[in-house]
Amino acid sequence: MSCVTFATKQEALTFLEQNPDIEMFELFILDNNGVPRGKLLHRDELLAVYESGRPLPSTILGLTINGDDVENSGLVWDVGDIDCRAYPISGSLTRMPWRLMPTAAVQVSMHPKEGMPATIADPRHLLAKVIEGLQADGYYPVMAAELEFYLLDQQRDSNGRPQPARDVDGGRPRGTQVYGLRELEQIEPFLADLYSACKLQGIPARTAISEYAPGQVEITLEHRTDALQAMDEAVRYKRLVKGVAHKHGMTACFMAKPFDDLAGTGMHMHVSLADKEGNNLFASEATDGTPLLKQAVGGMLSTLLDSLLLFCPNANSYRRFQTNSYAPLAATWGVDNRTVSLRVPGGPAFSRHIEHRICGADANPYLAAAAILAGIHRGIREQLDPGAPVEGNGYAQATELLPTDWLTTLRALEGSTWAREAFGGEFLGVYLAVKRAEYRQFMGEVGEQDWRWYLNQA
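This one's a predicted model, so the numbers in the text were calculated from it and none came from an experiment. The numbers attached to residues start from 1 for each chain and follow its sequence in the written order. At least 70 in pLDDT is required for a residue's local features to be given in this predicted model, at least 80 for side-chain atom pairs to be given and counted, and no such filter applies to totals for whole chains, interfaces and linings, which use all residues. Excluded from the side-chain calculation are hydrogens and water; included are all heavy atoms of the structure.

Enquirer: Describe the nonpolar core, naming the residues involved and giving the relevant values.
Expert: In these notes, a set of buried Ala, Val, Leu, Ile, Met, Phe, Trp, Tyr and Cys residues joined through side-chain atoms within 4.5 Å is what counts as a nonpolar core. Only protein chains enter the accessibility calculation, which uses a 1.4 Å probe; a residue whose area is less than 20% of its type maximum is buried, one above 50% is exposed, and one in between is partly exposed. Core analysis: the largest hydrophobic core is formed by 104 residues, its most contacted members being Phe190, Tyr237, Met269, Phe311, Leu373 and Phe423. Whether two residues are in contact is decided by their heavy atoms, any of which lying within 4.5 Å being enough. Not counting residues up to four positions away in its chain, the partners in contact with Phe190 are Phe149, Leu151, Val241, Val244, Ala245, His248 and Met250.

Set out below in structure tokens:
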């Protein structure tokens, strides 16, 4: 049974009845770069979206990060920029309380048939496909996202560089103060509105901490037994954080490495597998989990290089990878160890799972999750052995390091037989065309040897 389902018209009718003040609706779809794109609709246009979908141009899922067409994606001139129909995702119609004008949002996804040819490039469909493959073998992925971000001032400093937003007391955070409680108190108005908006939108925001840099925050999302739902919520959460921050005169920045001398920003992904009855198949009194967990780790390690572009999609992404930075450097795993790429957290047996620590916060949650789960599936099918877990300082023991440049990972995905089988050649064709176009633009603007200037402008 396909996990790609759409909302009913009754959802829209109920919402309209309960929210008579809402006049505008932000209709959006997530592109391959994780950028929400779409249209602002009037109230009287909403029901038609639920009845017969909304036509969107085929090019909307083949754009660069700057919003430029990619001519060789197959979604531009070859198909005449054809209209492709997208339909609403169930549960996504929610108020946007940070907007000045009463507005709601509705997320859409391409219809499997009516959305062609853009459907092949829809990242949500790719994740659904990978989940269905696991479910066919009796494995039901459970996932959660843990996102870090910086709260920045909308005004740059005297040197034109980004700077942390001012605290409630008017000062500007300067020290690291990881886990600092005062730091959370100083952004309490923002946090109050953020948690309120999350509750209104049904997003399970939980623990907040002051992270490892001035102005850096992390808020965890609760795990979901439906991995597709978990990533839907991660997508909407990022949109919500940016909107609430803007309302408070700040910019929420999810760049992987916005500051050369401060901590990078990651998206840790938590994953386990359940059976059809919901029992955790990784559960074990042993801290390193069950044999199935080890096979899952082995699969993720074996596909890490081929997947790295999906976890780290931009030139800026690779600046995170530094020794003793809490960002991983090698294809390693360990038990309750934050110096490795794949960590099995401690805790009671029923909670045993894997924390995937490689993604930057700039990764598309759907694509990152698809790559993680496809790697797990390979490990189980081939019964891959991950080797012994790393104990102690994983940085000191790393031998073969992950690539730290964009082009190497682009070429790795391009040449991956596994990725072509797992994701499909049509999806990879569009995605790689977009990434190639972005790389050429990047190199043309700054030159091969001059990365830092360009990245500091971002």
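Enquirer: Any details on helix α9 (residues 365–382)? Residues and values, ideally.
Expert: Numbering of helices and strands runs from the N terminus, with a helix taken as a DSSP run of H or I at least four residues long and a strand as a DSSP run of E at least two residues long. Given the number of residues in a helix, its expected span is that number minus one, multiplied by 1.5 Å. The end-to-end C-alpha distance of α9 is 26 Å, a good match for the 26 Å that 18 residues give at a rise of 1.5 Å each. With 15 of its 18 residues buried, α9 lies for the most part within the structure. Polar contact criterion, stated in full: a pair of N or O atoms within 3.5 Å, where within protein one must be able to donate a hydrogen and the other to accept it, and residues adjacent in sequence count only if both atoms are side-chain atoms. At the N-terminal end of α9, a side-chain oxygen is found 2.9 Å from the backbone nitrogen of Tyr366, two or three residues along, and the residue is Asn364.

Enquirer: I'd like to hear about empty space enclosed by the protein, residue by residue, with values.
Expert: The method works on a 1 Å grid over the protein atoms by themselves. A cavity is a set of points holding a 1.4 Å probe that cannot get out, a pocket is an open set with protein on both sides within 12 Å along at least five of seven lines, and residues with an atom within 4 Å of a point line them. Grid points are joined across faces, edges and corners, and a volume is the space filled by probe spheres set on the points. In the structure shown here, the tally under the stated rule is three cavities of 30 Å³ or more. Computed from the structure, the largest cavity encloses a volume of approximately 60 Å³. Taken together, Phe28, Ser92, Thr94, Met96, Trp98, Ala105, Gln107, Gln201, Arg236 and Arg239 form the lining of the largest cavity. For the lining of the largest cavity, the secondary-structure elements that each account for two or more residues are β6 (103–110) and α6 (227–247).

Enquirer: Residues and numbers for a negative patch on the surface, please.
Expert: Patch membership is restricted to residues that have no salt bridge and whose relative accessible area is over 30%. Joining uses 9 Å for like charges and 5 Å for the nonpolar side chains Val, Leu, Ile, Met, Phe, Trp and Tyr. Per-residue and other accessible areas follow the Shrake-Rupley method at a 1.4 Å probe size, with only the shown protein chains counted as cover for residues. One side-chain nitrogen of Lys or Arg within 4 Å of one carboxyl oxygen of Asp or Glu is enough to make a salt bridge. In this count, Lys and Arg are taken as positive residues and Asp and Glu as negative ones, while His and the chain termini are left out. All charge positions are set by atom: Lys at NZ, Arg at CZ, Asp at CG, Glu at CD. Taken together, the side chains of Asp68, Asp69, Glu71, Asp81 and Asp83 present a region of like negative charge at the surface. Relative to the elements of secondary structure, Asp83 occurs in strand β4 (residues 83–88). Asp83 sits in the partly exposed class, given a relative accessible area of 49%.

Enquirer: Residue-level account of the pattern of salt bridges, with values.
Expert: In this structure the tally under the stated criterion is 22 salt bridges. Measuring nitrogen to oxygen at the nearest pair gives 3.5 Å for the salt bridge that ties Asp288 to Lys294. Owing to a relative accessible area of 22%, Asp288 belongs among the partly exposed residues under this scheme. Judged by relative accessible area, Lys294 falls into the partly exposed class, the value being 23%.

Enquirer: Which residues make up the environment of Tyr366, and what values go with them?
Expert: Of note, Tyr366 is situated in helix α9. Using a relative accessible area of 1% as the deciding quantity, one classes Tyr366 as buried. Considered as a pair, Tyr366 and Pro313 are 53 residues apart in the sequence and their alpha carbons are 13 Å apart. Apart from the residues lying within four places of it in its own chain, the contact partners of Tyr366 are Leu30, Gln107, Pro123, Arg124, Leu127, Leu228, Met231, Asp232 and Val235.

Enquirer: Describe unusual backbone geometry, and please don't skip the residues or the numbers.
Expert: Following Met116, the chain continues to Pro117 via a peptide bond in cis, the omega torsion being 5 degrees. The phi dihedral of Asp81 falls on the positive side, at around 50 degrees, and the residue is not glycine. On the secondary structure map, Asp81 appears in the loop between β3 (54–57) and β4. With a phi angle near 50 degrees, Gln177 is a residue other than glycine that sits in the positive phi range. Within the secondary structure, Gln177 sits in the loop between β7 (140–153) and α4 (181–185).

Enquirer: Got a sec to walk through the packing of aromatic side chains? Specific residues and values, please.
Expert: When two rings of Phe, Tyr or Trp (its six-membered ring) have centres within 6.5 Å they constitute a pair, described as stacked for plane angles under 30 degrees, edge-to-face for angles over 60, and tilted for the intermediate range. Going through the model one piece at a time under the given rule, you end up with 10 aromatic pairs. The interplanar angle of 45 degrees and the centroid separation of 5.6 Å between the aromatic rings of Phe6 and Tyr87 together place this pair among those described as tilted. Within this pair, whereas Phe6 is found in the segment before α1 (9–18), its partner Tyr87 is found in strand β4, the two being separated by 81 residues in sequence. Given the relative accessible area of 11%, Tyr87 is considered buried. Ring geometry for Phe15 and Phe25: centres 6.0 Å apart, planes at 65 degrees, overall edge-to-face. Residue Phe15 is located in helix α1, and its partner Phe25 is located in strand β1 (residues 24–30); the two are separated by 10 residues in the primary sequence.

Enquirer: Can you lay out the pairing of β4 for me, pointing to particular residues and giving the numbers?
Expert: Taken together, the four bridges between β3 and β4 define a ladder with antiparallel strand orientation. Bridging across to β4, Leu56 finds its partner in Cys84. Paired strands are those between which DSSP finds at least two bridges. Bridge analysis of β4 against β6 gives three bridges, and the strand direction is antiparallel. By the bridge assignment, Pro88 is partnered in β6 with Val108.

Enquirer: A description of the state of the cysteines should follow, citing residues and the corresponding values.
Expert: Criterion for a disulfide: a pair of cysteine sulfur atoms at a distance within 2.5 Å. Considering all chains together, one arrives at zero disulfides under this definition. The thiol sulfur of Cys253 is not disulfide-bonded, and the nearest other cysteine sulfur, from Cys312, lies at 16 Å. Overall, Cys253 belongs to the buried group, its relative accessible area being 9%.

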